[in-house]
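Residues per chain are reported as follows:
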Amino acid sequence: MMKLKIDAYKILKKVREQKPVIHHITNWVTIYDCANIVKALGASPVMAHAKEEVADMAAISSSLVLNIGTLTTEFVESMRLAAKAANRKGIPVVLDVCGAGATAFRDQKSFELLDELRIDIIKGNASEIARIAGEAVVTKGVDAGDVKQNLVLIAQNLASKRNCVVVVTGKEDIITNGRKTLVVKNGDPMMTHVVGTGCMAASVIGTFAAVEKDLVKAAASGLVCFEIAAECAAKISKGPATFKEKLFDCLFSLDQGIIGKKSKVYHI
Amino acid sequence: MMKLKIDAYKILKKVREQKPVIHHITNWVTIYDCANIVKALGASPVMAHAKEEVADMAAISSSLVLNIGTLTTEFVESMRLAAKAANRKGIPVVLDVCGAGATAFRDQKSFELLDELRIDIIKGNASEIARIAGEAVVTKGVDAGDVKQNLVLIAQNLASKRNCVVVVTGKEDIITNGRKTLVVKNGDPMMTHVVGTGCMAASVIGTFAAVEKDLVKAAASGLVCFEIAAECAAKISKGPATFKEKLFDCLFSLDQGIIGKKSKVYHI
Amino acid sequence: MMKLKIDAYKILKKVREQKPVIHHITNWVTIYDCANIVKALGASPVMAHAKEEVADMAAISSSLVLNIGTLTTEFVESMRLAAKAANRKGIPVVLDVCGAGATAFRDQKSFELLDELRIDIIKGNASEIARIAGEAVVTKGVDAGDVKQNLVLIAQNLASKRNCVVVVTGKEDIITNGRKTLVVKNGDPMMTHVVGTGCMAASVIGTFAAVEKDLVKAAASGLVCFEIAAECAAKISKGPATFKEKLFDCLFSLDQGIIGKKSKVYHI
């Protein structure tokens, strides 16, 4: 692996200046975290799921983040309408396949969305992505199960097959479009002790994708910023709840110096 | 403008003593914040949206707070049932027109609620209120868009037309019933960097309206307390998340001295 | 009453080692708190409510927590499907009768669930449990109303009648299966000033029940740990929001020494 200099700060600066509207159709557990993390980045979150308005809302947004964490049939229908509007307008669509592999319903709905719509970025943890890629794995609720396969290869193949960017979050994040593959090694173990870091990562990626057309670069830059903030937060926290609070604070005040110094992005 | 002494503490004290039940039908993003802010005031929040029970719940409450932030058709139907029960019982109904102007659906549903029910207080930011007043504005998601018109006049006309109190939140809040108009100049810029301050403001207003019949005074007093707490919180916070945490703590322990000293209410 | 040594830490250690999946169908207000408290215990929360997947999700979980705080007819139908799957698999089902007594709808749905399903643990505050037991009380929203009856007797009779464990939370918690009755005297008044402590208590009980077959012991041990964490948090907090934050942190790092020293469990 070769260490890479990507200017994550430059994209963060764009977010802060342009303040893009990020439309979410997300789960009920971490909807609050997702809205707050987008706001902490300096962007403008909007959550709307009524079938009567999702297309209109997507059309005035700069990216769309879908998360199936607490999906229902009606909800997925709204995701479809919103994503179609996003596809028409050409704004990026992120799909967090939260909990894929846990139930047949989740898998089926994920495949429907992927088959019927243009999804620009698929994001999940190792077991979720493996399931979406068609590998036999068991997802333990919404936490990452055990994946024995070669994750990088699985991600690359999925990206090629679906013609999109695939992001696998974990201790080392994999970001690939099938041809170009980056690995982000930032982050802190404390991230696994709080609810919502995975969902927030998808929101951060969606926010960066709203202002940067190179989606591999956008996703990697978003993760770098988010996870450097997590590293800073872990140093000054005394448990999961103070950690989460500091994570928002640190992301809000993240500057060029700290990003340049701590960024750990590699090219495979 | 003439500086005004309104005894906001006196109403806060009533809230703490009477512990009114505040029924919310609100959005999924900030429902958590709304419940917590009501609790921090010393009152008792209750959230219920099933059509089978909203009328019963409104009938045992002391005020009703409606927020269309993540509205659906079914949800608005429950708002209707709850508001009718509130109207029959004579308890105040607050409508937060959250995100009005962002989609046609939001506007339409807001107008339906305003036309069919007795809404005692309409609350929104500048662009939301302008839209509800019939002015041509563009709401950028749920954050305040750009409003060129004379806001005070718009608010006064809307209040007169709808025969209710109109509250426009912003750097300077406008509270008017069409005849009497107050301006609250408390608050801190940090409030714009966290999700939920607008929704919480509506909950605070609803809570004060539960114990004070003069709704202009109730709304202004609520905002004064909420925003003085924000000023105190901003001084001891290091970012948006610590700010939000301190906001609850400061509101919880707000006393007569600090309110008297920091209150900035003006009569136009 | 006789002071009792129950090894609450031993069960907490089991939770941390086994990391059981705790399936929730819960309310929209405190869903975030419930997920976070389960995570702070070292277990794995999963929230899912679609009728198409709840049975599958319950079947891969180690306990099921139901909470009627923001119930709807559809939601209760999902609870039924999930509980049936849990019953078939033999995993414990906790029902938090949140807000029972506030509306006829809540009472009716609670009774339906209790009549049709095997509920292993019923949890509520004094007025909620009294209502479920058939006593005439008035629930003031979701906060505990005034209960004049002998609570211990009411709880014991309900446990015997429903053949389950009944937990009444309050300043002194009552845990009984009708024959064996424990009282937990831990906790801090600050718990009444934040939203969600009741709901979180049910999640903690569900988590402990996932790894300990003696459900009276499981429930009492869970409450002991949760409320000792609250005692620790209260000492280092300056208001309700810092208190809540510290509660998660303290629970996360709770150790054998502090539990042994502070545990206040009594046998009646």
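In this text, all values refer to a predicted model and were calculated from it rather than measured experimentally.

Our next topic: the interface of chain C and chain A. Opposite the 25 residues of chain C that make contact, chain A presents 25 residues. Elements supplying a minimum of two residues to the side of chain C that touches chain A: helix H2 (31-40), strand S3 (44-47), helix H3 (54-59) and helix H10 (240-252) of chain C. Counting residues per element, the side of chain C that touches chain A draws most heavily on H2 of chain C, which supplies six residues. Here the residues of the side of chain C that touches chain A sort into 15 nonpolar, four polar and six charged.

As a further point, take the relation of the copies chain C and chain A. Note on the copies: chain C fits chain A at an RMSD of 0.0 Å, the axial shift is 0.0 Å, and the rotation between them is 120 degrees. These values place the two chain copies in the arrangement generated by a three-fold rotation axis. Using C-alpha coordinates, one finds that chain C approaches the rotation axis most closely at Trp28 of chain C, a distance of 4.0 Å. Taken together, the interface assignments show that only 12% of the residues at the interface of chain C recur at the interface of chain A, consistent with different surfaces on the two copies.

Residue and element names in this part refer to chain A. Here strand S5 (residues 93-96) shows a buried face lined by Val93 and Leu95 and a second buried face lined by Val94 and Asp96. Bridge count for strand S4 (residues 63-67) against S5 is four bridges, and the pairing is parallel. By the bridge assignment for S5, Asn67 is matched with Asp96. Taken together, S4, helix H4 (residues 73-89) and S5 constitute a β-α-β crossover, and its handedness is right-handed. Summarising the sheet, S5 and strand S6 (residues 121-125) pair through three bridges and their orientation is parallel.

Before going further, it helps to spend a moment on the sheet that holds strand S9 (residues 181-184) of chain A. Residues and elements named next belong to chain A. Strand order across the open sheet formed by ten strands is S1-S10-S9-S8-S7-S6-S5-S4-S2-S3, with mixed pairing between neighbours. Two strands lie at the open edges of the sheet, namely strand S1 (2-4) and strand S3 (44-47), each paired on one side alone. The sheet shows a mean angle of 25 degrees between the axes of neighbouring strands, direction not considered. Strand direction decides the pairing type here: strand S2 (residues 21-25) and S4, joined by four bridges, are parallel. If you follow Ile25 over to S4, its bridge partner there is Leu66. Relative to S3, helix H2 (residues 31-40) is tilted by about 155 degrees, and along the sheet it contacts S2 and S3. Lying on the sheet, helix H9 (residues 215-235) is in contact with S6, strand S7 (165-169), strand S8 (173-176), S9 and strand S10 (265-267); it crosses S9 at an angle near 5 degrees.

Conventions adopted
- Residues numbered from 1 in each chain as written.
- Chains lettered and ligands numbered in written order.
- Predicted model: local features only at pLDDT ≥ 70, side-chain atom pairs only at ≥ 80, totals over all residues.
- Contact = placed C-beta atoms within 7 Å.
- Helix = DSSP H or I, 4+ residues; strand = E, 2+ residues; numbered from the N terminus.
- Nonpolar A, V, L, I, M, F, W, Y, C, P; charged D, E, K, R; others polar.
- Least-squares fit on C-alpha atoms with pLDDT ≥ 70 in both.
- Buried ≥ 20, exposed ≤ 12 C-beta atoms within 10 Å, placed from the backbone.
- Pairing = 2+ DSSP bridges.
- Right-handed = clockwise from strand over helix to strand, strands pointing away.
- Axes fitted to C-alpha atoms, helices over the stretch in contact; angles between N-to-C directions.

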